[in-house]
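# Structure at a glance
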Amino acid sequence: RKEVEQDPGPFNVPEGATVAFNCTYSNSASQSFFWYRQDCRKEPKLLMSVYSSGNEDGRFTAQLNRASQYISLLIRDSKLSDSATYLCVVSRRGSYIPTFGRGTSLIVHP
Amino acid sequence: GAGVSQSPSNKVTEKGKDVELRCDPISGHTALYWYRQSLGQGLEFLIYFQGNSAPDKSGLPSDRFSAERTGGSVSTLTIQRTQQEDSAVYLCASSPTTGTNEKLFFGSGTQLSVL
């Protein structure tokens with residue numbers, strides 16, 4: 001089983017829709033969680049950290065479920081510019097090396 | 001401010017040749033990572049540098065791959081006797097933290113094509 005797993009998609013949604021992605025991780029010692037965004041042919045960029053209490057940044061909400069070992073990203077009121085690949089990133093306790101999921105592709109259409 | 005800089009942005013080489021890829025991290029960042037990403041694939045960890053500590057080379061796929069970081073700043077990834085399966089985007093990232101809560105800042109990558 002891969003350490004970090006994501007549904008590759010693509011998720012194809014209309015503008016204004018709400019869409020959610022999940023990411024599961026296999027190592028219960030994982031302690032740091034992030035969502036990165038990667039546009040086509042570009043480098044990944046940090047979107048948001050994921051805290052135990054959950055966190056929100058504008059239209060984006062990230063949550064962590066330690067019991068079930070998954071994190072989620074919710075995007076409300078989708079914009080065309082949200083079209084990208086969303087990468088789930090996990091770091092294990094005592095490790096300085098983040099592990100990246102393969103990403104979930106989102107396509108927002110008019 | 002200046003971000004992570006990588007050069008060259010594109011490199012085309014013939015099978016069997018050696019290549020060097022360069023990364024200039026954000027000033028003051030102590031941690032430096034190399035990843036590679038093949039078409040349609042996720043990021044594969046290669047090597048990690050932290051300050052003056054010995055690098056974590058656990059992700060290097062073969063002994064044809066090596067990297068160094070001089071003076072705690074610029075890093076060079078060298079691939080000897082390149083093979084077609086080495087074709088990928090090589091991404092460098094730096095991070096300002098020394099803890100485990102790493103937030104990585106990536107360069108735009110080097111697209112390596114081995115013919």
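Look up a bit, the structure's there.
This write-up is about the structure you can find in this document. A quick note: this is a predicted structure, and the numbers were derived from the prediction, not measured.

### What to know about the sheet that holds strand 7 (residues 60–65) of chain A
Residue and element names in this part refer to chain A.
- Strand order in the open sheet made by the five strands is 1-3-8-7-6, with antiparallel pairing throughout. The outermost strands of the open sheet, each flanked by one partner alone, are strand 1 (4–6) and strand 6 (55–57). Each neighbouring strand pair of the sheet contributes to a mean axis angle of 20°, computed without reference to strand direction.
- Bridge count between strand 6 and strand 7: three bridges; the pairing is antiparallel. When the sheet's bridge partners are listed, Asn-55 is paired in strand 7 with Ala-62.

### Describing the interface of chain A and chain B
- Facing 20 residues of chain A, the contacting portion of chain B comprises 21 residues.
- Surface buried jointly by chain A and chain B totals about 1700 Å² across both partners, of which 57% is contributed by carbon and sulfur atoms.
- On inspection of chain A and its partner chain B, the count reaches zero salt bridges.
- Across the contact surface, chain A and chain B share five residue pairs in polar contact (both at pLDDT 80 or more).
- Elements represented by at least two residues in the side of chain A that touches chain B include exactly strand 4 (30–38), strand 5 (45–50) and strand 9 (84–92) of chain A.
- Residue composition of the side of chain A that touches chain B, grouped by class: 10 nonpolar, eight polar and two charged.

### Let's talk about the layout of surface pockets
- Size it by volume and the largest pocket reaches roughly 790 Å³.
- Residue lining of the largest pocket: 30 residues in total, with Gln-38 and Arg-41 of chain A together with Gln-37, Leu-39 and Gly-40 of chain B positioned closest to the centre.
- Those elements that provide at least two residues to the lining of the largest pocket are strand 9 and strand 11 (104–109) of chain A together with strand 8 (88–95) and strand 10 (110–114) of chain B.
- Considering only residue class, the lining of the largest pocket consists of eight nonpolar, 17 polar and five charged.
- Considering only enclosed or pocket space, the second largest pocket measures out at about 200 Å³ in volume.
- For the lining of the second largest pocket, the secondary-structure elements that each account for two or more residues are strand 10 (99–100) of chain A together with strand 5 (43–50) of chain B.
- Broken down by element, the residue count for the lining of the second largest pocket peaks at four residues, all from strand 5 of chain B.

Conventions adopted
- Residues numbered from 1 in each chain as written.
- Chains lettered and ligands numbered in written order.
- Predicted model: local features only at pLDDT ≥ 70, side-chain atom pairs only at ≥ 80, totals over all residues.
- Heavy atoms only, no water.
- Pairing = 2+ DSSP bridges.
- Helix = DSSP H or I, 4+ residues; strand = E, 2+ residues; numbered from the N terminus.
- Axes fitted to C-alpha atoms, helices over the stretch in contact; angles between N-to-C directions.
- Contact = heavy atoms within 4.5 Å.
- Buried area = accessible area lost by both parts, 1.4 Å probe.
- Salt bridge = Lys/Arg side-chain N within 4 Å of Asp/Glu carboxyl O.
- Polar contact = N/O pair within 3.5 Å; in protein donor to acceptor, adjacent residues only side chain to side chain.
- Nonpolar A, V, L, I, M, F, W, Y, C, P; charged D, E, K, R; others polar.
- 1 Å grid on protein atoms, 1.4 Å probe; cavity = no way out; pocket = protein on both sides within 12 Å on 5 of 7 lines; lining within 4 Å.
- Points joined across faces, edges and corners; volume = space filled by probe spheres on them.

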